[in-house]
Amino acid sequence: MAPRGRPAAAAMPRRGARKRLKFRADDVCSERVTVADYANSDPAVVKSGRVKKAVANAVQQEVKSLCGLEASCVPAEEVLSVSGESCDSSDEMDTKESINGRNASRKKKSKRHKENPDGGGGEEYPIDIWLLLASYIRPEDIVRFSLICKKAWTVTCTAAFWTRLYRRHYSLDAYLPLRLRPESMEKLHCLRACVIRSLYHMYEPFASRVSRNPAIPDSTPSTLKNSRCLLFWCKKIEGNRQEAMWEFNFKFKKQSPRFKSKCCKGLQPPIQYEEVHTNPDQDCCLLQITTFNFIFVPIVMGMTFTLFTINVSTDMRHHRVRLVFQDAPVRNGKKPRLDQGVQVVLDPVHSVRLLDWWHPQYPFSPKA
């Protein structure tokens, strides 16, 4: 018997190979448009499951013309002839419409910005009102108050603001250095710095912060990294102990933050209030280390402080402090090379204290 030939395979439609049908202008008429064209349109006709915008616009124009309404200045025949293009051209029209919509919204935003260049929508109050409100601000809320607006910040730069703040918290019972007494606060030079220093003597929340500092910090301070040593001195302390102790003081200038843009260096106070904001000890701090014995320390003034460690001493009773100074600051992510710097080891150590420029025990010139 002759081999039976294979039956012809039934032509199966490939999935995803259905052709998208194109519509023609003569298809767009009120007789052929049904609800199914909008609600349950065939994905073979419209891939997104809805009628194209060009078809819908053409139908809408024809319905308006049949109802006797003037849809637009363009005749209905021209609209139908334009809508007689393929579905690909309708996609281009959708893209153009979306671009035009975006441009229109941008124009509206720019128009509103031109009408209200100061960012309208709010009231602008005179500086006298902000100065009056500043009389009720607590010292710890001054930064928040200055961030409300530019006029509020300007008020915190004035001499009247700092003078009123000092008088509000001044008390006769407080012991103040000569420079921080009322008769010396009439000077405008360094007025802001002097008021802040006096608050750590008179204002209880600030004074309690300073009194809570332990003799040895719980963790090694990291704020001194890459700071420059300005001064160094030591002195003998006569206390209750039979043997005197020695106090080593290192005055540092912290590294100022670097801005990517040279023009953005932060807000500067108005020129008429520059003397009020003058502070020679700005960004300065004092590292105060007390030891039981005198220890020779090499000259480190002018060098950069790169490493600071606090460990337990060899006798397991006291602490040991190691300081490393180098000629240049260490970049982020790199470890300092000990063979290239000056190493200072203080052992045994009684106390380690880090005093900011506003601390009551921070030494400052009375002429400031």
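Residues numbered from 1 in each chain as written. Predicted model: local features only at pLDDT ≥ 70, side-chain atom pairs only at ≥ 80, totals over all residues. Heavy atoms only, no water.

**Examining the overall build of the protein chain**
- The number of helices and strands found in the protein chain is 10 helices and 6 strands.
- When each of the 368 residues of the protein chain is scored for burial, the buried share is 32%.
- The long-range share in the protein chain, meaning contacts at least 24 apart out of those at least 6 apart in sequence, stands at 68%.
- For the protein chain, the accessible surface area stands at approximately 25700 Å², while carbon and sulfur atoms represent 54% of it. (Helix = DSSP H or I, 4+ residues; strand = E, 2+ residues; numbered from the N terminus. Buried < 20%, exposed > 50% of the residue type's maximum accessible area, 1.4 Å probe, protein only. Contact = heavy atoms within 4.5 Å. Areas by Shrake-Rupley, 256 points an atom, 1.4 Å probe, with all protein chains shown as cover.)

**A few points about the side chain of T156**
- Of note, T156 is situated in the loop between α7 (150–155) and α8 (159–169).
- On the basis of relative accessible area, T156 is assigned to the buried category, the value being 6%.
- Among the polar contacts listed, one links the side chain of T156 to the backbone oxygen of W153, at a separation of 2.5 Å.
- Residues contacting T156, with those up to four places away along its chain left out, are I142, F145, S146, F161, W162 and H277. (Polar contact = N/O pair within 3.5 Å; in protein donor to acceptor, adjacent residues only side chain to side chain.)

**Side note on the nonpolar core**
- Among the nonpolar cores identified, the biggest contains 34 residues, and F145, V155, W162, L191 and V195 are the most heavily contacted of them.
- At the level of elements, α5 (127–133), α6 (142–146), α7, α8, α9 (191–202), α10 (204–211) and β3 (284–291) are the ones that each hand at least two residues to this core.
- Per-element accounting of this core gives the leading share, 8 residues, to α9.
- Setting aside anything within four residues of it in sequence, one finds V155 in contact with I127, W130, L131, A134, F145 and F161.
- In this structure, L224, F252, L323 and V344 belong to the second largest nonpolar core, which totals 23 residues. (Core = buried A, V, L, I, M, F, W, Y, C linked by side-chain atoms within 4.5 Å.)

**Here we look at the sheet that holds strand β2 (residues 245–253)**
- If you walk around this closed barrel you meet the 6 strands as β1-β2-β3-β6-β5-β4, and the pairing is antiparallel. Geometrically, the sheet is characterised by an average inter-axis angle of 40 degrees between neighbouring strands, direction not taken into account.
- Alignment of β2 against β3, held across 8 bridges, turns out to be antiparallel. Of the residues in β3, the one forming a bridge with W246 is T291. (Pairing = 2+ DSSP bridges. Axes fitted to C-alpha atoms, helices over the stretch in contact; angles between N-to-C directions.)

**Details of the pattern of salt bridges**
- Counted according to the given criterion, the structure contains 8 salt bridges.
- The shortest N-O distance in the salt bridge between R138 and E140 comes to 3.4 Å.
- We classify R138 as partly exposed; its relative accessible area is 45%.
- E140 gets classed as partly exposed once you look at its relative accessible area, which sits at 27%.
- A salt bridge links R144 to D141; its shortest N-O distance comes to 2.5 Å. (Salt bridge = Lys/Arg side-chain N within 4 Å of Asp/Glu carboxyl O.)

**Details of the state of the cysteines**
- This model, assessed by the stated rule, comprises 0 disulfides.
- Summary of cysteine pairing: C190 is not part of a disulfide, and the nearest cysteine sulfur, belonging to C194, is at 5.9 Å.
- On the basis of relative accessibility, which here comes to 1%, the residue C194 falls in the buried class. (Disulfide = S-S within 2.5 Å.)

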